[in-house]
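# Per-entry structural report
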Amino acid sequence: MATTLYGIKNCDTIKKARKWLEEAGIDYRFHDHRADGLAPEQLDSWLERLGWEALLNTRGTTFRALPDEARQDLDTAKARALLLAHPAMIKRPLLDKDGELTLGFKADHYQSLFSR
């Protein structure tokens, strides 16, 4: 069983998810997009499975700081380029539990995910 939590370490939601996993005794690996990078093939897999609309955090400060032309007329290719250039725009956390992807953190959802 392999569990990886993707995000950036200073994100409050990441901190909550990590605390939940640790208190539940779940063995996991943390992948920090800023420190560990983002492989294009990894991003392509997520885009294929989740879609750019789910993956791209349009409410975060990084996205909102982009010039208007970068935020308009988004499609998969444009979103992919933005996410590769600014991995902090990936919605957090992204949890990969045995190949099953979950975006965001809700304690009750994590509870049901890990109690199966």
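So, a few notes on the structure that sits alongside this text. The structure displayed is predicted, hence computed values, not measured ones. (Residues numbered from 1 in each chain as written. Predicted model: local features only at pLDDT ≥ 70, side-chain atom pairs only at ≥ 80, totals over all residues. Heavy atoms only, no water.)

### A closer look at the packing of helix α1 (residues 12-23) against helix α8 (residues 107-114)
Heads up, the rule is: All axes are obtained by fitting lines to C-alpha atoms, using only the stretch in contact for helices, and the reported angles, taken between N-to-C directions, cover 0 to 180 degrees. Note on conventions: DSSP H or I runs of at least 4 residues are helices, E runs of at least 2 residues are strands, and numbering of each starts at the N terminus. Throughout, the term roughly parallel applies to angles under 35 degrees, roughly antiparallel to angles over 145, roughly perpendicular to angles from 65 to 115, and oblique to all others. In this scheme the crossing of two helices becomes right-handed for a clockwise turn of the near helix relative to the far one and left-handed for an anticlockwise turn of less than a right angle. Any pair of residues with heavy atoms lying within 4.5 Å of one another is described as a contacting pair. Charged residues are taken to be Asp, Glu, Lys and Arg, nonpolar residues to be Ala, Val, Leu, Ile, Met, Phe, Trp, Tyr, Cys and Pro, and polar residues to be all remaining types, Gly included.
Following both chains from N to C, one finds α1 and α8 inclined at 40°, their axes separated by 11 Å at the closest point. Taken together, the axes of α1 and α8 are oblique relative to one another. Crossing geometry of α1 relative to α8 is assigned as right-handed. For the pair α1 and α8, contact is made by Ala 17, Trp 20 and Leu 21 and by Ala 107, Tyr 110, Gln 111 and Phe 114, respectively. Looking at the contact of α1 with α8 residue by residue, the classes come out as six nonpolar, one polar and no charged.

### As for α8
Going by this rule: Here's how the labels work: a residue is buried when its accessible area is under 20% of the maximum for its type, exposed when over 50%, partly exposed in between, all with a 1.4 Å probe on protein chains only. The arc in question is the one traced by the directions running from the helix axis out to the C-beta atoms.
When α8 is considered as a whole, its buried residues turn out to be Tyr 110, Leu 113 and Phe 114. The buried residues of α8 all sit within an arc of 85° when viewed along its axis, so they share a single face. In the core, the buried residues of α8 are packed alongside β1 (3-7), α1, β3 (94-97) and β4 (100-103).

### Focus: the pairing of β3
Let me state the cut-off plainly: Should DSSP find at least two bridges between two strands, the strands are regarded as paired.
Burial of the side chains of β3 extends over both faces: Leu 94 and Asp 96 are buried on one face and Leu 95 and Lys 97 on the other. Looking at chain direction, β1 and β3 are connected through four bridges and run antiparallel. Looking across to β3, one finds that Thr 3 is bridged to Lys 97. Taken together, the four bridges between β3 and β4 define a ladder with antiparallel strand orientation. Residue pairing across strands places Leu 95 opposite Thr 102, the latter belonging to β4.

### Regarding the environment of Leu 82
Within the element layout of this structure, Leu 82 appears in helix α7 (residues 76-85). Leu 82 sits in the buried class, given a relative accessible area of 10%. Distance in space between the C-alpha atoms of Leu 82 and Glu 100 is 24 Å, their sequence separation being 18 residues. Setting aside its immediate chain neighbours within four residues, Leu 82 contacts Leu 66, Ala 70, Leu 74 and Met 89.

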